[in-house]
Amino acid sequence: MKMERCFESEDDWLSLMPTEPLESQCCGSGCKPCVYDVYQKELAQWEEAKAKKDRSLLTKQKEESSNSELNPDTFTAFKISSVEQLTEDTCQYKFELPGNSSLGLSLGQHIVLRGMVNGLEVQRAYTPVSPVNAEGYFEVLIKCYEAGLMSQYIKSWIEGETVFWRGPFGGFPYSPNQYGELLMLASGTGIAPMLPILQYITENEDDETFITLVGCFRTFENIYLKPLLQDQSRYWNVRTCYVLSQESSLEKLPWSYQENTHTGHITENLMKKMINSCRRKPFVLICGSVAFNEDMTRSLKAIGLKQDSYFVF
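What you see as residue numbers is a count from 1 along each chain, following the sequence as written. Confidence filtering applies because this is a predicted model: local features only for residues at pLDDT of at least 70, side-chain atom pairs given and counted only at 80 or more, and all residues used for totals across whole chains, interfaces and linings. Neither water nor hydrogens contribute to the side-chain values; these are computed over all heavy atoms in the structure.

**Things to note about helix 7 (residues 268–277)**
Consideration 1: Buried, partly exposed and exposed residues are distinguished by accessible area as a fraction of the type maximum, computed with a 1.4 Å probe on protein chains only: under 20%, between the cut-offs, and over 50%, respectively. Only runs of H or I of at least four residues qualify as helices and only runs of E of at least two qualify as strands under DSSP, and these elements are numbered from the N terminus. Within helix 7, the full set of buried residues consists of Leu-270, Met-271, Met-274 and Ile-275. The buried residues of helix 7 occupy an angular sector of 135° when the element is viewed end-on, so they sit on one face. Turned more than 90 degrees off the buried face of helix 7, the exposed positions are Asn-269, Lys-273 and Asn-276. Arc definition: directions from the helix axis to the C-beta atoms.

Listed below in structure tokens is the structure:
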């Protein structure tokens, strides 16, 4: 009598074993859960299923969802409804949400994008620039880099395409009138987490927090979302100013920008002037490249601000 083949061989189970994430799959933003946390969870489920010889336990593992509800553990599909080119290397992407639903983010939270490039999975974190209470859509500001893996994937996006996000993660805990003034130091796309906070304050008539937004860009042409920033600066409690690293003169700038724009970089002396010009004691928000964040933190410490006086995204 011929023995029947075991339904679950060792090879069968090994083929179902979760694959450990590559470095490129970690966005490096300290997400909870990180892709490595998700992997450990799935590995534990696989080990339990293998020990009990019960494949049904693996159905708990979900890699993707199409219900348009954001989830930190799984990737959800969202459709691109529009693409707006802002500068030569930066676009604003608008994504659809069903009906009047909201993405459900808190202030300063980011979401993680998954892309595939030449068979390699890549993940990167981005903070939506749309208001946290936006209904039916959310918008993300993305700068593409010549040699960036994720940039290669993003450059191929067209209207109507579906991409996958998970989250939210992080955030800046904030309550109306919690601080006398917020001094926002943002470099390039680091302006993204500042915008929902700015709009959250200006949309609340009872929030009397002063805001000074300092945007650091290479040139005047590289300033993102000028109309939105100009509209926000018309509020009684909002000031916007710019630091342009590659502009040698302010004379060619529109007159409305000349008075509140500096050339070069934020030096320690300029930082002192900004803090001294604040109408109330400021709490500082910082977002930019790693080098920018380190420079700003160093300058703040040099002029006597303590760690509980600033927040780095």
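**Things to note about the pairing of strand 9 (residues 210–217)**
Both faces of the sheet carry side chains from a regular strand, because those side chains alternate between them.
Consideration 1: Most of strand 9 sits out of view: eight of its eight residues are buried.
Consideration 2: Side chains of strand 9 alternate between two faces, with Phe-210, Thr-212, Val-214 and Cys-216 and Ile-211, Leu-213, Gly-215 and Phe-217 buried alike.
Consideration 3: Here, strands pair whenever DSSP counts at least two bridges between them. In the sheet, strand 8 (residues 181–187) pairs with strand 9 via seven bridges, with the strands oriented parallel. In the strand pairing of strand 9, Ala-186 is matched with Gly-215.
Consideration 4: In the classification by handedness, the crossover that spans strand 8, the intervening helix 4 (residues 194–202) and the parallel strand 9 is right-handed.
Consideration 5: Where strand 9 and strand 10 (residues 238–244) come together, seven bridges link them in parallel fashion. Residue Val-214 lies in a different strand from strand 10, and its bridge partner there is Cys-241.
Consideration 6: Note that the unit made of strand 9, helix 5 (residues 226–232) and strand 10 has a crossover that is right-handed. A crossover counts as right-handed when, viewed with the strands pointing away from the observer, the path leading from the first strand over the helix to the second turns clockwise.

**A few points about the packing of aromatic side chains**
Consideration 1: Aromatic contacts are taken between Phe, Tyr and Trp rings whose centres are within 6.5 Å, Trp giving its six-membered ring; a plane angle under 30 degrees counts as stacked, one over 60 as edge-to-face, and the others as tilted. All told, the structure shown has 21 aromatic pairs when counted by the stated rule.
Consideration 2: Between Phe-172 and Phe-311 the ring centres are 5.1 Å apart and the planes differ by 55°, which places this aromatic pair in the tilted class. Of this pair, Phe-172 sits in the loop between strand 7 (162–170) and strand 8 while Phe-311 sits in strand 13 (residues 310–312), and the two are 139 residues apart along the sequence.
Consideration 3: On the basis of relative accessible area, Phe-311 is assigned to the partly exposed category, the value being 23%.
Consideration 4: A ring pair is formed by Phe-311 and Phe-313, whose centres lie 5.0 Å apart and whose planes are at 80°; its orientation type is edge-to-face.
Consideration 5: Overall, the relative accessible area of 26% leaves Phe-313 in the partly exposed class.
Consideration 6: Remark: a charge is flagged as sitting over a ring if the NZ atom of Lys or the CZ atom of Arg is within 6 Å of the ring centre and within 35 degrees of the ring normal. The positively charged end of Arg-114 is found above the aromatic ring belonging to Phe-75, 4.7 Å away from the centroid.
Consideration 7: The ring of Phe-220 has Lys-226 lying over it, and the distance from NZ or CZ to the ring centre is 4.7 Å.

**Points about the side chain of Ser-299**
Consideration 1: Following the sequence through the fold, Ser-299 ends up in helix 8 (residues 290–302).
Consideration 2: Note on contacts: a residue pair qualifies if any of its non-hydrogen atoms lie within 4.5 Å across the two residues. Leave out the neighbours within four places in its chain, and Ser-299 touches Glu-268 and Met-271.

**Observations regarding the UniProt feature "binding site: FAD" (unreviewed entry) in the protein chain**
Consideration 1: UniProt positions are given in the numbering used here, feature names are shortened, and annotations may be inferred rather than shown by experiment. Sequence positions flagged by UniProt for "binding site: FAD" (unreviewed entry) are, in local numbering, Arg-124, Tyr-126, Leu-141, Lys-143, Met-150 and Ser-151. The largest pairwise C-alpha distance within this set of annotated residues, which runs over 28 residues, is 13.8 Å, so the set is compact in three dimensions.
Consideration 2: The topology assignment puts Tyr-126 in strand 5 (residues 120–126).
Consideration 3: When near neighbours in sequence (up to four residues on either side) are disregarded, Tyr-126 contacts His-110, Ile-111, Leu-113, Val-140, Leu-141, Ile-142, Met-150, Ile-154 and Trp-165.
Consideration 4: Tracing the sequence through the fold places Lys-143 in strand 6 (residues 137–143).
Consideration 5: Once you skip the residues sitting within four places of it in the chain, Lys-143 turns out to touch Asp-89, Thr-90, Ser-151, Thr-189, Arg-218 and Tyr-224.

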